[in-house]
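If you want the building blocks of each chain, they are given just below.
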Amino acid sequence: MKDPNIVCLVNMQRQIPFAKILHKTCPYKLKIVVTNFSAGSEFTKLLQWRKHKSFSPCLSSEDIEGLKEDFGSDLTVCNNSSDYNKALSNCDICLSDGREFVVLLPQAFKIKKYIALSTAYISRLLHVLPIYNGKLFITCESEANYKNAIQSYYSNTLESEKSNVLNIYKKIFPNLEDCQSLEDVDLSPFFIKSGFMPENYNFLKKIKKDSIKKELGIPLDKKVALFSCRKAIDSHSFFSSNEEFILQNKKALQKLKDLGYYIISRSRTGGNDKGSKQQSSAQPLLNLGVIDKEINSFDSFPSMVYKLCYISDLLLLADSSAIGTIEGLICNTPCLLPYNNLKNNQDSILNDMIENKVCFNELTPDSIDKAYNNIDSVREKWYSGDINIFWKNVLS
């Protein structure tokens, strides 16, 4: 029996860590395909979507050159849909964070499985799921992640859209004729409840933190704070105004500096982030004279974002950000988010971190100790995935 032809799609910088850990751990040859072109959703008319989904080139030329160095002949860069169709023509299993799956209709490929690597596009993925005729599966890092994704979809989706989705399900799955609501549909068979992201931390635990610090030119005799420098969109932000955002983060940065922390900043530099409101709002914080080093790259293995979280004593979140709930939490890094007033953020993982004092809004003598008391249980709740179980489920 021949080995399966497996492809992992990459479109944005934040997907590079996915690709690296999967390429490193895949039991078979894994090809990396960059979707370096623009496409509008081919599902819009078919599924009567009111909001148009699309993707566009998001990686810089430097990003792509870095990927060429990392993956060599296993990398294919698609600059148009023809390149994409050719790259997937013999694919058996296709991995993606999910965006391509809700933009491009499944073609007449031989693909047996489409694996969405996150729940970032959960509402659209569940909408298109019947179109894939049982071949689309969504990865969740744990049972808690699965339950949260489903509940988030039910609570944040209009009843009219859920009704439309149910009607599509009924047309394709005859056994659902008597279902009265989408909540009655058992979606669990389409989810893989074991992820792969903790494997980054498993690799890092084999490396001494000091060796990584030496590699990056970071002092060994100072505490390290990683500063995630980006303002969240208004609906996710912990700050009522840009002025409050700047003031609170300025105070937090100065306090860390006064306490002797070595501060590393990290900003998003992808094509869809440069010049964005979120990025430009945070720019003044990089000009305060308190940042010791700026590292924005994704090179190395494990990916640089994981390395930085691993060696840091503290992660300073300028605002709500996935680096805190993914890489930071996976690497056991306490988070400081200097908000004035706590708000019920839309991110359930971040809310759980705050409730369990893994993320706090003020650095006190015992705040880091309290974080370490709870961080293992919080991480295990949201990231209990096992890389071997993940690949077993993908390949079965």
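Residues numbered from 1 in each chain as written. Predicted model: local features only at pLDDT ≥ 70, side-chain atom pairs only at ≥ 80, totals over all residues. Heavy atoms only, no water.

Novice: Please clarify how the side chain of N11 should be interpreted in this entry.
Specialist: Relative to the assigned elements, N11 resides in the loop between β1 (6–10) and α1 (16–25). Owing to a relative accessible area of 2%, N11 belongs among the buried residues under this scheme. In terms of polar contacts, N11 uses its side chain to reach the backbone carbonyl oxygen of T35, at 2.8 Å. (Helix = DSSP H or I, 4+ residues; strand = E, 2+ residues; numbered from the N terminus. Buried < 20%, exposed > 50% of the residue type's maximum accessible area, 1.4 Å probe, protein only. Polar contact = N/O pair within 3.5 Å; in protein donor to acceptor, adjacent residues only side chain to side chain.)

Novice: Explain the sheet that holds strand β6 (residues 93–96) here, please?
Specialist: Strands pair in a sheet through their backbones, by hydrogen bonds, and they do so in one of two ways: parallel or antiparallel. The strand order β5-β2-β1-β6-β7-β8-β9 describes an open sheet built from seven strands, whose pairing is parallel. Of all the strands in the sheet, the pair left with one neighbour each is β5 (75–78) and β9 (191–192). Relative to β6, β1 is paired through three bridges, and the arrangement is parallel. Within β6, the position partnered with C8 by the bridge is L95. Seen against the sheet, helix α3 (residues 61–71) touches β2 (30–35) and β5 and runs at an angle of roughly 155 degrees to β5. (Pairing = 2+ DSSP bridges. Contact = heavy atoms within 4.5 Å. Axes fitted to C-alpha atoms, helices over the stretch in contact; angles between N-to-C directions.)

Novice: Honestly, the pairing of strand β13 (residues 314–317) in this entry has me stumped. Any pointers?
Specialist: The side chains of a regular strand alternate between both faces of the sheet. Residue alternation in β13 divides its side chains into two sets, L314 and L316 and L315 and L317, and both sets are buried. In terms of strand pairing, strand β10 (residues 224–228) meets β13 through four bridges, oriented parallel. For F227, the partnering residue across the bridge sits in β13 and is L316. Where β13 lies against strand β14 (residues 335–336), two bridges are found, and the strand directions are parallel. The residue of β14 that forms the bridge with L316 is L336.

Novice: Help me out: how do you make sense of the sheet that holds strand β12 (residues 293–294) in this one?
Specialist: As summarised here, the arrangement of the six strands in space is β12-β11-β10-β13-β14-β15, forming an open sheet in which the pairing is parallel. Since the sheet does not close on itself, it has two edges, and those belong to β12 and β15 (359–360), each with one partner. In terms of strand pairing, strand β11 (residues 262–266) meets β12 through two bridges, oriented parallel. For S265, the partnering residue across the bridge sits in β12 and is E294.

Novice: Sorry if this is basic, but what is going on with the side chain of S312 here?
Specialist: Along the chain, the position of S312 falls in the loop between α12 (304–311) and β13. At 2.6 Å, the side chain of S312 and the backbone oxygen of L308 are in polar contact. Those residues within four positions of S312 in sequence are excluded, and the remaining contacts are V224, A225, L226 and T333.

Novice: What is the right way to look at the packing of aromatic side chains in this model?
Specialist: Ring pairs (aromatic) are described by centroid distance and by the angle formed between their planes. According to the stated counting rule, one finds 17 aromatic pairs in the structure shown. Considering the side-chain rings of F18 and F196, the 5.5 Å spacing of their centres and the 85 degrees angle between planes classify their relative orientation as edge-to-face. Of this pair, F18 sits in helix α1 while F196 is found in the loop between β9 and α8 (198–204), placing the two residues 178 residues apart along the sequence. You'll find F18 and F196 in the same group, each marked buried. Three or more aromatic residues link up through ring pairs in this structure, and these residues are F18, F196, F390 and W391. When the ring centre of F137 is taken as origin, the NZ or CZ atom of K113, which lies over that ring, is 5.3 Å away. We note K193 situated over the ring of Y146; from NZ or CZ to the ring centre the distance is 4.0 Å. (Phe/Tyr/Trp six-rings, centres within 6.5 Å; stacked < 30°, edge-to-face > 60°. Lys NZ or Arg CZ within 6 Å of the ring centre and 35° of its normal.)

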